[in-house]
Structures are given as structure tokens and as C-alpha cells.
There are 2 protein chains.
Amino acid sequence: MASRLVAIESADDPRIAEFRDIRERDLTGRQNRFIAEGTVVLRMLAEASTSGSFTTEKVLLLRNRVDGVAPILERLPIEVPVYVAEAEVLDRIVGFHLHRGVLALGRREVAEVDLVDRLSERSLVLVGCGISNHDNAGSMFRNAAAFKADAIFLDETSCDPLYRKALRVSVGSVLSVPYQRQGTGLDILTRLAANGFAIWTLSPRGETDIRAIPPADKMALVVGTEGEGLPPVVLERFNSARIPQSEGLDSLNVAMATGIALFAMASAVKRI
Amino acid sequence: MASRLVAIESADDPRIAEFRDIRERDLTGRQNRFIAEGTVVLRMLAEASTSGSFTTEKVLLLRNRVDGVAPILERLPIEVPVYVAEAEVLDRIVGFHLHRGVLALGRREVAEVDLVDRLSERSLVLVGCGISNHDNAGSMFRNAAAFKADAIFLDETSCDPLYRKALRVSVGSVLSVPYQRQGTGLDILTRLAANGFAIWTLSPRGETDIRAIPPADKMALVVGTEGEGLPPVVLERFNSARIPQSEGLDSLNVAMATGIALFAMASAVKRI
């Protein structure tokens, strides 16, 4: 193990350039590259890397975290460099005090086959439209993983779930739940409907109680942006469901609503 | 309306001292006084003030927000002062850029009757032990309001739900759902059990599927601290329930788990 570690003595070292000033870089986007932060997410990245959907390009650790993540490092291909720095250097690299001390640079491999075509005859999927908040995006992936959804479709206006904070909130589930982010919400739903999916939009004014949705082999739950909800063109065209709750309150936030609705739908189709 | 407004020209004005450096003050606690932030929370405070459980002591507004909250101000007793400041003064008062521009100082009236004694023969309550995160505390209140729980009991190690951020995340539900924060978790549960409550602790290793809990007139859902979960002394003594989910994942966070479990229990007793 020790022979694999490469000490970084200067924040200017070009080998760790991708980790520099993380917060600013996060905002500009990285084109399928992303920062995995923390032990749990690193473990998920190492696992996802064995399936070919993701690659671990390099790891950067606080020296005193090396022992804790040694079992994960052993699972990474030997050519993946593992850089190690003392706290003072690491903080200068990333631009703030990095409490967790575990970072990796990952790359998402672009799938050549459309995700809809990879779904089986029994599928439960989640569709997000205009999900702009990274916490909510991360939480949606975590819920999808917990309640055994097969895939997530995000429209092109939704945020990148590989953004560091979304990834962290998802507890790494962005790396385990297959997803696609492209097209409009209507494009996605039209495609899913043409492939036999029963589409259920979630809205406080939905017609069907979420607990009464008839089970089907292929089901899609659709949730909209915080604030505005789903666009009328989507709400008009598909079935709508609601989570029963007290009247006169603001509707639950999209992360919570997604968790409860997926729990109900996964129960209906006996996934859980 | 205009006659009621009192212009504040200086951040040092003693009349608005309680709003000064809000963030620092939040951390030291205010002994049943609290800051309500935003239009929705102000509305909830005005409503709660009519019931006698809370009092609105004063309001501080950004000048351009006055029209928007005028209907709420009309509901407040005429003796409640409404201070108004321009953005520059307001930001200097609170110590940061206050985007929302709507603040009030509220006071919680201490109830003389124990909350357990005020519960009816059909009650669904939530108990939180060691809930230290303000977002989670706020979210628990929001869930309780959504799914018609009658009360929340927090143990003495849980955080103050009147803290500004918890109140905001709860969308003001801390002002509408009756609660008590005192004693140990075991004290609270022993008292509830003696009053005929079926106690269900929530844990990833709970014995009963949350969907299979038998309905009862009096039910209590118990959730524990993030990270450690409920203490063994509590888990051993009462019934335990689990939310079915994928194995090998971290359990859902306490806010999400509470939402799903309350949804299931409220369904079981036909509250929703």
C-alpha cells in the first residue's frame, strides 16, 4: 500500500490540479468528470468502476485517512494514482477546510444505448423535471436506491446529479442507480409511454390517491420542480397522483414527496 | 396601515435590538423567544398568536415587503410594533444580506398542563430522541403537520425547534403542532405507555414492517438521532418497526424516515 502513495507537498502540483478550488470548479461543470467526497462515496465509486459505467481517475487523501480507506484502495486498479497530503496542503488545494479528507476524481462513461431500451419488462422508474436543487436531486437518487427503482430520467433543465453536493446527499447512489439527463420532460414521458409505461405525475392536486395507484409491470413516477411543479402540458396528458395530507399547508418538498410516493409505488408492485 | 409603520434609520436603534446579529444570537438561545423569518412563517405566527400559545412581540420588515404582508399585519393586535427599514439598514441590523426581508420576534407561552394530558383518546404522536440537526427537526414538524399527528415530544437532548432554521424548514409548523421538549426519551415513552399508547420505535432493524403495524387508538412513532439511532434501553423495551428498503444501503435520514413512517401510520389509522 505505502508504495502506491504519492506525497503532494505543494498546492500547485499539476498532478492534483483537478482538485484545486473545488467550489469554483463545481459551478462551471466538468463534462462527465466529477468529485467524489467522503469514504462512502469513494466506496460506491470503486464499486461502480468495476461495472464499467464509471472510472476512478485519481484519489486525493488526507494522510491520516489512508488507513481508513485502505480496503477501498485495494479494489481500485493499480494504475489509479493515490495522492496524499497533509491537512495544511490539502486545505490550500481545495480552497477550504476539508473535514472529510477523502476525495476522488471520477469520470462517467457515456452509455451508447438509450436507457429506456435497457429497462426490463418489469420496471419502476423515476422522472424528474426541472429539479434545480442539488440536495433534492441527491435525495431523489437515495430514495430511488432505497425503494429499488430501476432508473432515473432527468430532463435537460434539471441539475447535474454528479455535482459534489448532490452526490454526497445521495450517499453515492448517483453512482449506482442508472440515469440519463437529456430532453424535455414531455420527450421523456412520451418515450416511456410509447414503451408501455404507466405514467403517474405527482402533484398536490393529483386525481388518484398515491395508495390507490393500480400496479403495473412498467411504472413511472414523475416529479416536478420545487416551487412551480410540473408544467401544465405534462399534467394534462398523463395520470396524476397525490399524497394525501392536511389541507391548507404548503405541499411537501420534492425530496420528501418522492420518497413517500416511491415507497407507496414500490409497495404496490411488491418491490419492497 | 401606513400610520402603524415605524421607520428604523439606524442599526443601533434599541427598539430592534433583538434582531441584531441574528446568527450569533440564534446560537445562544433566547428562552422561549425566537425569530420568525419569511412571509409563510409570519403568517403561521399570526395565526398561532390568536390561539394563545404564541405571542408576536414585534415585526421588522424591508420597506418593499410591507405591501406583500399587509393582510398578515392586519391580523396582529394593534399594539404589536411594525418596524420598517431600507435594505442597507436591515442588512446591517441582522449582520448579513437578508433576502426575504420579513422578520418577527415571537414568544412561546409556556403551557401549564402537561402535553400528554391534553391528548385525546385518539392520538397519533411523534417522539424524537437526540434530534440535533435543525433541518431534520424542522422537517419532522412539517411531516407531522402534513400527516395530522397531534403532537411531538422531543427529549431534552434534541435541539430547539424554534431555532430560526428549524422553524423555516418546518414552514412554520413548529407554531401549529403542539410540542414539548423535556425529559429523557425513556421518561417520555414510559409516560406515553402508561397512558395507553402503543409505542413503535423506528429502526433499520425493527421487527415489524411499518406497513403491518396494527392500528390502535393511541400510537406513538419514535425516531432517534442521526448516526447513532435510538439508545438500546429504548429499543429493548418497546415494539420496533422498520421501513422496508434495499439492503446494504445506509438507512434513510431521520427526516425522510419520519415522513414515510408517519405516512404509513396515518394511513393505518385512517387519518389520511
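These numbers were taken from a predicted model, which means no experiment stands behind them.

So, how was this worked out
- Residues numbered from 1 in each chain as written.
- Chains lettered and ligands numbered in written order.
- Predicted model: local features only at pLDDT ≥ 70, side-chain atom pairs only at ≥ 80, totals over all residues.
- Heavy atoms only, no water.
- UniProt positions renumbered as here; feature names shortened; annotations may be inferred.
- Helix = DSSP H or I, 4+ residues; strand = E, 2+ residues; numbered from the N terminus.
- Least-squares fit on C-alpha atoms with pLDDT ≥ 70 in both.
- Expected span 1.5 Å × (residues − 1).
- Buried < 20%, exposed > 50% of the residue type's maximum accessible area, 1.4 Å probe, protein only.
- Polar contact = N/O pair within 3.5 Å; in protein donor to acceptor, adjacent residues only side chain to side chain.
- Pairing = 2+ DSSP bridges.
- Axes fitted to C-alpha atoms, helices over the stretch in contact; angles between N-to-C directions.
- Contact = heavy atoms within 4.5 Å.
- Core = buried A, V, L, I, M, F, W, Y, C linked by side-chain atoms within 4.5 Å.
- Salt bridge = Lys/Arg side-chain N within 4 Å of Asp/Glu carboxyl O.
- Buried area = accessible area lost by both parts, 1.4 Å probe.
- Nonpolar A, V, L, I, M, F, W, Y, C, P; charged D, E, K, R; others polar.
- Domains from an automatic or database assignment.

Trainee: What is the right way to read the UniProt feature "domain: tRNA/rRNA methyltransferase SpoU type" (unreviewed entry) in chain A from this model?
Mentor: UniProt records the feature "domain: tRNA/rRNA methyltransferase SpoU type" (unreviewed entry) at residues 124–263 of chain A, using the numbering of this structure. Split by type, residues 124–263 of chain A is 32% helix and 21% strand. Its first and last C-alpha atoms lie 11 Å apart.

Trainee: What exactly am I supposed to notice about the relation of the copies chain B and chain A here?
Mentor: The operation relating the pair of chain copies consists of a rotation about an axis and a translation along that axis. In screw terms, the move from chain B to chain A is a rotation of 180° and a rise of 0.0 Å along the axis, fitting with an RMSD of 0.0 Å. Here the two chains are linked by the operation of a two-fold rotation axis. In terms of proximity to the rotation axis, the leading residue of chain B is Ile260(B), whose C-alpha is 2.7 Å off the axis.

Trainee: Sorry if this is basic, but what is going on with helix 5 (residues 134–146) of chain B here?
Mentor: The periodicity of an α-helix, 3.6 residues per turn, causes residues three or four places apart in sequence to face the same way. Residues and elements named next belong to chain B. Compared with the 18 Å implied by 1.5 Å per residue over 13 residues, the 18 Å span of helix 5 between its first and last C-alpha is a close match. Here helix 5 lies mainly inside the structure; eleven of its 13 residues are buried. Every buried residue of helix 5 is accounted for by Asn136, Ala137, Gly138, Ser139, Met140, Phe141, Arg142, Asn143, Ala144, Ala145 and Ala146. With a side-chain oxygen lying 2.8 Å from the backbone nitrogen of aspartate 135, the N-terminal cap of helix 5 falls on asparagine 133. Where helix 5 terminates, the next one or two residues include lysine 148, which has phi positive at roughly 60°.

Trainee: Is there a simple way to explain the sheet that holds strand 1 (residues 5–7) of chain B in this structure?
Mentor: Two pairing modes exist for strands in a sheet, parallel and antiparallel, and in both the strands are linked by backbone hydrogen bonds. Residues and elements named next belong to chain B. The five strands are arranged 1-4-3-5-2 in an open sheet whose pairing can be described as mixed. Edge positions in the sheet fall to strand 1 and strand 2 (33–37), since each has one partner strand and no second. This sheet shows a mean twist of 25° between the axes of neighbouring strands, independent of strand direction. Sheet topology note: the strand 2/strand 5 (residues 102–108) ladder contains five bridges and is antiparallel. Within the sheet, the bridge partner assigned to alanine 36 lies in strand 5 and is alanine 104. Taken strand by strand, helix 3 (residues 66–73) contacts strand 1, strand 3 (54–62), strand 4 (82–85) and strand 5, and its axis lies near 165° from that of strand 3.

Trainee: What am I meant to see in the side chain of Lys58(B) here?
Mentor: All names here are of chain B. Along the polypeptide, lysine 58 turns up in strand 3. The class of lysine 58 is buried, set by a relative accessible area of 13%. A polar contact is formed between the side chain of lysine 58 and the backbone oxygen of arginine 15, at a distance of 2.8 Å. Discounting residues that sit within four places of it in the chain, lysine 58 has contacts with Arg15, Glu18, Phe19, Val80, Pro81, Tyr83, Ala104 and Leu105.

Trainee: Quick question: what am I supposed to make of the nonpolar core here?
Mentor: As a rule of thumb, nonpolar side chains are buried together in soluble globular proteins. Membership of the largest hydrophobic core comes to 126 residues, with the highest contact counts inside it found for Phe147(A), Leu175(A), Ile210(A), Phe147(B), Leu175(B) and Ile210(B). Among all residues touching Phe147(B), those that are not within four sequence positions of it are Ile243(A), Pro244(A), Gln245(A), Leu252(A), Ile260(A), Leu124(B), Gly259(B), Leu262(B), Phe263(B), Ala266(B), Arg271(B) and Ile272(B).

Trainee: Is there a simple way to explain the pattern of salt bridges in this structure?
Mentor: Two side chains carrying opposite charge are able to pair once their charged atoms lie near each other. Tallying each qualifying case throughout the model produces 34 salt bridges over all chains. Ionic pairing is found between Lys218(A) and Glu121(A), a salt bridge with its closest N-O pair at 3.8 Å. Within this pair, whereas Lys218(A) is found in strand 11 (residues 218–223), its partner Glu121(A) is found in the loop between strand 5 (102–108) and strand 6 (123–128), the two being separated by 97 residues in sequence. A salt bridge links Lys165(B) to Asp135(B); the nearest nitrogen and oxygen atoms lie 2.8 Å apart. Here Asp135(B) lies in helix 5 and Lys165(B) lies in helix 6 (residues 164–169), a separation of 30 residues in the sequence. On the accessibility criterion, Asp135(B) (30% relative accessible area) is partly exposed. A single network of salt bridges, built from pairs that share partners, joins Arg33(A), Glu57(A), Arg107(A) and Glu109(A).

Trainee: Looking at this structure, how should I read the interface of chain B and chain A?
Mentor: Many authors give the size of an interface as the accessible area that is lost as the parts come together. Each side of the interface is counted separately: chain B has 27 residues, and chain A has 27 residues. Of the roughly 2,200 Å² buried at the junction of chain B and chain A (both faces included), carbon and sulfur atoms supply 67%. Of all residues in chain B, the largest losses of buried area upon contact with chain A belong to Arg142(B), Met256(B) and Phe263(B), amounting jointly to 25% of the total for that side. Inspection of the chain B/chain A interface yields zero salt bridges. Contributing elements (two or more residues each) for the side of chain B that touches chain A: helix 5 and helix 9 (254–268) of chain B. Residues of the side of chain B that touches chain A, tallied by class, amount to 15 nonpolar, eight polar and four charged.

Trainee: Would you mind showing me how to read the domain arrangement of chain A here?
Mentor: Residues and elements named next belong to chain A. Partitioning chain A into domains gives domain 1 (2–108) and domain 2 (115–268). For domain 1 versus domain 2, the distance between C-alpha centres works out to 31 Å. Summing the contributions of domain 1 and of domain 2, the shared interface buries around 1,300 Å²; its carbon and sulfur component is 65%. At the surface where domain 1 touches domain 2, the tally comes to two salt bridges. We note a salt bridge from glutamate 37 to arginine 164, for which the minimum N-O separation is 3.0 Å. On the surface where domain 1 and domain 2 come into contact, there are three residue pairs in polar contact (both at pLDDT 80 or more). The set of elements that each furnish at least two residues to the side of domain 1 that touches domain 2 consists of helix 1 (22–28), strand 2 (33–37) and helix 2 (39–51). A per-class count over the side of domain 1 that touches domain 2 returns twelve nonpolar, no polar and five charged.

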